Amino acid sequence: MLGALADALNLSLADRMLLRRLTKEADGGDPLVCAAAPTLSRTARPTVRAVLDRLEPAPAVVVNWIGDVLAHTAGYERLVGPIGLLDDERPNLLRHLFTDERARSAYRDWDRVADDLVARLRHGVPLRDPHLAELAEELTVTAGADFADRFADLTTTPRRTGSQHLEHPEAGSLRLLHETLALSDEGQRIIVHLPADDATAAALDRLNGRRPGALRAVADTG
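The present account deals with the structure reproduced in this document. None of the values given here were measured: they were computed from a predicted structure.

Calculation criteria
- Residues numbered from 1 in each chain as written.
- Predicted model: local features only at pLDDT ≥ 70, side-chain atom pairs only at ≥ 80, totals over all residues.
- Heavy atoms only, no water.
- Phe/Tyr/Trp six-rings, centres within 6.5 Å; stacked < 30°, edge-to-face > 60°.
- Helix = DSSP H or I, 4+ residues; strand = E, 2+ residues; numbered from the N terminus.
- Buried < 20%, exposed > 50% of the residue type's maximum accessible area, 1.4 Å probe, protein only.
- Lys NZ or Arg CZ within 6 Å of the ring centre and 35° of its normal.
- Salt bridge = Lys/Arg side-chain N within 4 Å of Asp/Glu carboxyl O.
- Core = buried A, V, L, I, M, F, W, Y, C linked by side-chain atoms within 4.5 Å.
- Contact = heavy atoms within 4.5 Å.
- 1 Å grid on protein atoms, 1.4 Å probe; cavity = no way out; pocket = protein on both sides within 12 Å on 5 of 7 lines; lining within 4 Å.
- Points joined across faces, edges and corners; volume = space filled by probe spheres on them.
- Nonpolar A, V, L, I, M, F, W, Y, C, P; charged D, E, K, R; others polar.

## Observations concerning the packing of aromatic side chains
No. 1: Counting across every chain of the model gives three aromatic pairs.
No. 2: Consider the rings of F98 and W110, whose centres lie 5.4 Å apart with planes at 80°: the pair is edge-to-face. Of this pair, F98 sits in helix α6 (residues 93-99) while W110 sits in helix α8 (residues 110-124), and the two are twelve residues apart along the sequence.
No. 3: Ring geometry for F147 and F151: centres 5.4 Å apart, planes at 20°, overall stacked. With F147 and F151 both in helix α10 (residues 145-152) and four residues apart, the pair spans about one turn of that helix.
No. 4: F147 gets classed as buried once you look at its relative accessible area, which sits at 0%.
No. 5: Positioned over the ring face of F151 is R122, at 5.4 Å from the centre of the ring.

## Looking at the pattern of salt bridges
No. 1: Tallied over the full model, the rule gives ten salt bridges.
No. 2: In this structure, R150 and D115 form a salt bridge, with 2.7 Å as the shortest nitrogen-oxygen distance. Highlighted residues: R150 in helix α10 and D115 in helix α8, separated in sequence by 35 residues.
No. 3: Overall, D115 belongs to the partly exposed group, its relative accessible area being 31%.
No. 4: Residues joined in a network through salt bridges with shared partners are D87, D100 and R102.

## Details of the nonpolar core
No. 1: Residues L94, L97, F98, Y107 and F147 are the most contacted members of the largest nonpolar core, which totals 41 residues.
No. 2: The leading source of residues in this core is α8, at six residues.
No. 3: Contacts of F98, omitting those with residues within four sequence positions, involve R104, W110, A114, V118, A143, D146, F147 and R150.
No. 4: Among the nonpolar cores identified, the runner-up in size contains ten residues, and V48, A60, V62 and V192 belong to it.

## Quick notes on empty space enclosed by the protein
No. 1: The final tally for this structure, using the stated rule, is two cavities of 30 Å³ or more.
No. 2: Empty space within the largest cavity amounts to approximately 320 Å³.
No. 3: Taken together, 22 residues make up the lining of the largest cavity; nearest its centre are L93, L117, Q164, I191 and H193.
No. 4: Taken together, the elements giving at least two residues each to the lining of the largest cavity come down to α5 (74-80), α6, α8, β3 (161-168), β4 (172-183) and β5 (188-195).
No. 5: For the lining of the largest cavity, the element with the most residues is α8, which contributes four residues.
No. 6: Partitioned by chemical class, the residues of the lining of the largest cavity number 13 nonpolar, five polar and four charged.
No. 7: Volume-wise, the second largest cavity comes out at about 30 Å³.
No. 8: What lines the second largest cavity is simply W65, I66, G67, L94, L117, R120, L121 and R189.

These figures come from the coordinates and say nothing about function on their own.
Spelled out as structure tokens, the structure:
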């Protein structure tokens, strides 16, 4: 039945998987789809922190599946500290993006960044998970339609790679690519930001106190 519907609508593979997930959640079936999310971790394992040490001075961060920042490189702090992302006692990517005016000013492509973060939040765990529901309720109130409309959108799916255009208070205009590495057992992921062009590579070198040219730009083929 679902296959016939997907064929009739000419759905992509990603949309077919989404249709299956939503249908099974509505029916209360398929334990692989509706199983409880991993225990919400507030810490990163020592070996994961060791990986971050190896990534210095690249901007890299470990987050759990609702976007809480668990650990990060010094390079990441130099990148996002000036725009306030780490100001809270328990920083959260979505909370900062949707409720801090500095984020709206810093991200030139704010709408696309918001689309990606909400898609990952919405598709990462069952919708009935209490931690997801609590954050979604909070942001629906504090951010309004900007968040709520995205959270209700079933068509947007998360991407492992992407790009951002950040106006940094100290380093100027930065074009960044990011790569996401999943830590499935912990319900966490490592996000590594890379310079998308030579100007950004040089700016990050200066921000990190290095000789310009130490970092290399990565071509965006997406």
